[in-house]
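Examining the three-dimensional arrangement
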Amino acid sequence: MRIVTIMSQSTTPAEHADQTNNNTPETADLAFLLRTMHANLSLFDRLQPDQLMAAVKDANRQIARLQALQLHCMAGIRRRRSDPHELACELAIALHVTDTRAGAMIAAAEALAQRLPRTFRLMDQGKFDLYRAMKVTDGTSHLSDRHARMVDYLLEHRLEDKNPTQVRKATAYAATKIDPDGAMNRLAQRKAERRVILQHQSEGISRFSVDNASTDKAAAAYLRVDKIARSLKTGDEKRTLDQLRADVAIDLLLSGKGGVPERTEVYLYVDLKTYLNLNDNPAELAGHGHIPAELARHIATGPDTIVRRVITDPLTGQVIEVGKFRYRPNIDVDEFVRVRDRECRQPGCPRPAQNCLTEPTGTDSAHADSRLSYCLRHRRLKNRADWSYEVMQDGKLIVTTPTGETAESAPPPLHDPQSTPEQPGEERLGA
């Protein structure tokens, strides 16, 4: 990248930015901007739009090269590991991403290194970023190694100037052209991978979708939802057609009628004053995160809602009592542990605790402090010899991966802990 600027040998970055309208052209590269940005952020307000655009493009090239370096390292680790799922869990901890994202990056690294060397070379040269490269790895994932390399050869000079959608279409076309007989097999494989996806977003909103559904059935399902939604769009109906379609689809899944939802079970944590409409503190929906108080009250006051009392330690915010039971080993420990943990205790795992198993991590399997909630994937990982899971006295879980990465997990308090010290002789109930 070359940014045309006006700067003498003795100018400071600030003086350089003030002189961009002079007539003596010199150049500054991306490294200069990186050195300058922290000392003088106003430089970016003084550069011309074409200079800023050049910097954006060069930064994108450098990011692509760094992504290629990261994938080379991942491919090197993968060659030394037999279990990709275990490695995904380890990378998720190291990179602070989800297991799914880490697994996708490992699969992309492996495919680029072994089956798509020309596409990988484009990344090495800064001409192709990871997001677009994963369109190629996904589109060739069902091909044999030989056919994948042929697609890689066909696409080598056709990808650099394409956006992700164009890359996906070009890859699909090349894959069908190279392996026409396998097209139906790939279709069957995609159908076999059909699944329902739930993606939690912010403020009590989530995305719910069906992935890899047959096109004919998906189109028929949409037409049914659309027909019902249009029949409800009367003169008094204030909802838009999009809103009606979304409501009808959810109601059909819950009741089969497109109208009345049936009972489901979720864990909702809301403080008493919020429940009584005395404040608007956010509540927490297990597996999703915080939701607005108004939505929490709507859920908590529903006709099929069962309200249970949960008492917390005022100094820590941790759960010490559920319902009528005290925090003692002879209570229903599994129920207590799920209410306390809210989600899988593997660091970063968002799976709700009511869908998890509880399992002892310490020596005292009867005591709630030694039992933690784990989803099926991380329960298997916990029992591997090269992973270390240690529960501290305060209930904090420390996970150490085979390469020495560490991460911590603790049940988040239900409220902000109070800093008031205990009075002498006062005895608290709980851990």
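Further up the page is the structure itself.
Now for a quick tour of the structure. (Residues numbered from 1 in each chain as written. Predicted model: local features only at pLDDT ≥ 70, side-chain atom pairs only at ≥ 80, totals over all residues. Heavy atoms only, no water.)

1. Observations regarding the environment of K382
Relative to the elements of secondary structure, K382 occurs in helix α17 (residues 376–382). The class of K382 is buried, set by a relative accessible area of 13%. Beyond its immediate chain neighbours, meaning those up to four positions away, K382 contacts E359, P360, T361, Y374 and Y389. A polar side-chain atom of K382 sits 3.4 Å from a polar atom in the side chain of N383. (Helix = DSSP H or I, 4+ residues; strand = E, 2+ residues; numbered from the N terminus. Buried < 20%, exposed > 50% of the residue type's maximum accessible area, 1.4 Å probe, protein only. Contact = heavy atoms within 4.5 Å. Polar contact = N/O pair within 3.5 Å; in protein donor to acceptor, adjacent residues only side chain to side chain.)

2. Considering helix α5 (residues 84–95)
The end-to-end C-alpha distance of α5 is 16 Å, a good match for the 16 Å that 12 residues give at a rise of 1.5 Å each. Residues of α5 that are buried include every one of E86, L87, A88, C89, E90, L91, A92 and I93, and no others. Looking at the packing, one finds that the buried side of α5 touches α4 (49–79), α6 (99–114), α17, β14 (397–400) and β15 (406–409). Regarding α5, its N-cap is D83, as a side-chain oxygen of that residue lies 3.0 Å from the backbone nitrogen of H85 further along. (Expected span 1.5 Å × (residues − 1).)

3. Quick look at the side chain of R371
Inspection of the secondary structure assignment puts R371 in strand β12 (residues 371–374). Judged by its relative accessible area of 13%, R371 falls in the buried class. A polar side-chain atom of R371 sits 2.9 Å from the main-chain carbonyl oxygen of T358.

4. Structural notes on the packing of α4 against α6
The contact between α4 and α6 brings their axes to 8 Å, and the two run at 90°. The angle between α4 and α6 places the two elements in the roughly perpendicular class. Along the contact surface, α4 presents Q70, L71, M74, A75 and R78, while α6 presents M105, I106, A109, E110, L112 and A113. For the contact of α4 with α6, the class distribution of residues is eight nonpolar, one polar and two charged. (Axes fitted to C-alpha atoms, helices over the stretch in contact; angles between N-to-C directions. Parallel < 35°, antiparallel > 145°, perpendicular 65-115°, else oblique. Nonpolar A, V, L, I, M, F, W, Y, C, P; charged D, E, K, R; others polar.)

5. Quick look at the pattern of salt bridges
Taken as a whole and assessed by the stated rule, the structure comprises 23 salt bridges. For E237, the salt bridge goes to R239, with nearest N and O atoms at 2.8 Å. With a relative accessible area of 31%, R239 lands in the partly exposed category. R239 is the salt-bridge partner of D247, the closest N and O atoms lying 2.8 Å from each other. A residue is classified by how much of its surface remains accessible, and D247, at 31% relative accessible area, is partly exposed. Salt bridges linked by common partners bring D83, E86, R384 and D386 together as one network. (Salt bridge = Lys/Arg side-chain N within 4 Å of Asp/Glu carboxyl O.)

6. Overview of unusual backbone geometry
In this structure, H96 takes a positive phi of about 60° despite not being glycine. Along the chain, H96 turns up in the loop between α5 and α6. A positive phi angle, near 65°, is found at N212, a position not held by glycine. Following the sequence through the fold, N212 ends up in the loop between β4 (206–211) and α12 (215–232).

7. Let's talk about the nonpolar core
If you look at the biggest cluster of nonpolar residues, it comprises 33 residues, and the most contacted ones within it are L71, M123 and F128. Broken down by element, this core gets its largest block of residues, six residues, from α6. The residues touching M123, leaving out its near neighbours within four places in the chain, are A64, R65, Q67, A68, L71, L112, F128, D129, L130 and A133. With 10 residues, the next largest nonpolar core counts C89, Y374, W387 and Y389 among its residues. (Core = buried A, V, L, I, M, F, W, Y, C linked by side-chain atoms within 4.5 Å.)

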